[in-house]
Amino acid sequence: MAIMVLALISGSQVCAGDDANGTAAPWSPNIYLDLRTNYSTLPANSFSIGLGSFSPFGTLSNLRTLLNAATLPVAPVLPTLPTLTSPASQNAWIDVPLTIDVSDRISLYGGFTASASNSGSGWSSLEVTSWNLGVQADIYQQNGGYFPTVTLQTTVTRSAPGSPLTVTSLNNIVEFGYALDEDETRGWLAGVQHTNVDVDSPLARINNNIVGWVGGYYQWPNNWKFTGRVGVQSFGGAQILRLVPFEPFTQPIVRLDLDRMDDDDNRLFGVTAQIAWVPKPSYTLTLRTPLYLMRN
């Protein structure tokens, strides 16, 4: 409901805008499938959330395996709790969100994620594992002033029926962008991300994940744009019964983006590389190939 209200307000503001002659300025939204093809590696006994949208399939597959192991009947003569370990894995997934840029300040999106994983015994079949719904909005724009642009992004992700574990995640990102020139082709970034994951089981709990970063961007005259972010990720750990198979950690995280833009700053192609220490390095590569149904 809140997203629909934002869309209506933004649409009314844009349609009400007049040009110098007092006539309504022509405007149409961008509508596109923001296709993202992802590949990641996950070390053994690790839990990864990262910077950006949370795609939980690979991590939750391991958590589901550990949950099954922890709830197996145990002989009463054992004096200690079992030791839970998860294998290293490779994960591939495709994000298919339908995105609507209702103005130059607000974007709405919603779609599904299809995933597959390989834990050493071969790749699983590609299946729909989650859906998501979100909004990204510039709640303040610099526009040549002294105060930076403030961008808020909120995404709700829910695992699909039949996925390894039923969870709901809420991912909130606040980023400040300070442009160093009037055309906003170079500038500085700083931000924070908070991720809350709720497991639909009393046997398991995933604690909050917080990421803070600084960075910058530069866009060349040929519309190639590079963005770099370096930060720290603090994860509160995950618990199964009285066991803690995923310990809390605070480790570095690096994300690099290279995008091809058009003259109106619409993304035509993008590639993202991320390294997150969890605490061993976890690598993620993302290709963005948006398919425009309508472009302003």
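What this report covers is the structure whose coordinates are included nearby. (Residues numbered from 1 in each chain as written. Predicted model: local features only at pLDDT ≥ 70, side-chain atom pairs only at ≥ 80, totals over all residues. Heavy atoms only, no water.)

**Quick look at the environment of Arg229**
Positionally, Arg229 belongs in strand 11 (residues 224-235). Accessibility expressed as a relative area gives 13% for Arg229, which makes it buried. With 14 residues separating them along the chain, Arg229 and Gly215 place their C-alpha atoms 4.2 Å apart. Non-local contacts of Arg229, meaning those with residues more than four positions away in its chain, are made with Leu51, Glu175, Leu189, Trp213, Val214, Gly215, Ile253, Val254, Arg255 and Asp257. Within the local environment of Arg229, its side chain forms a polar contact with the side chain of Glu175, the two groups lying 2.9 Å apart. (Helix = DSSP H or I, 4+ residues; strand = E, 2+ residues; numbered from the N terminus. Buried < 20%, exposed > 50% of the residue type's maximum accessible area, 1.4 Å probe, protein only. Contact = heavy atoms within 4.5 Å. Polar contact = N/O pair within 3.5 Å; in protein donor to acceptor, adjacent residues only side chain to side chain.)

**Describing the sheet that holds strand 9 (residues 204-206)**
Strand order in the open sheet formed by three strands is 9-12-13, with antiparallel pairing between adjacent strands. Single-partner strands in this sheet number two, and they are strand 9 and strand 13 (243-246). Here the average twist between neighbouring strands, direction ignored, is 25°. Bridge count for strand 12 (residues 238-240) against strand 13 is two bridges, and the pairing is antiparallel. Following the sheet pairing, Ile240 is matched in strand 13 by Leu243. (Pairing = 2+ DSSP bridges. Axes fitted to C-alpha atoms, helices over the stretch in contact; angles between N-to-C directions.)

**Details of the pattern of salt bridges**
Charged atoms that come close allow side chains of opposite charge to pair. Counted under the stated rule, the structure contains nine salt bridges. With a shortest N-O distance of 2.4 Å, Arg288 and Asp34 are connected by a salt bridge. Taken as a pair, Arg288 in strand 16 (residues 281-288) and Asp34 in the loop between strand 1 (30-33) and strand 2 (36-42) lie far apart in primary sequence, 254 residues in all. Owing to a relative accessible area of 5%, Asp34 belongs among the buried residues under this scheme. Between Asp200 and Arg158 there is a salt bridge; the shortest N-O distance is 2.9 Å. Of this pair, Asp200 sits in the loop between strand 8 (186-199) and strand 9 while Arg158 sits in strand 6 (residues 149-159), placing them 42 residues apart in sequence. Looking at Asp200, the relative accessible area reads 42%, which means it is partly exposed. A single network of salt bridges, built from pairs that share partners, joins Asp34, Arg36, Asp95 and Arg288. (Salt bridge = Lys/Arg side-chain N within 4 Å of Asp/Glu carboxyl O.)

Any functional reading would require information that these geometric values do not contain.
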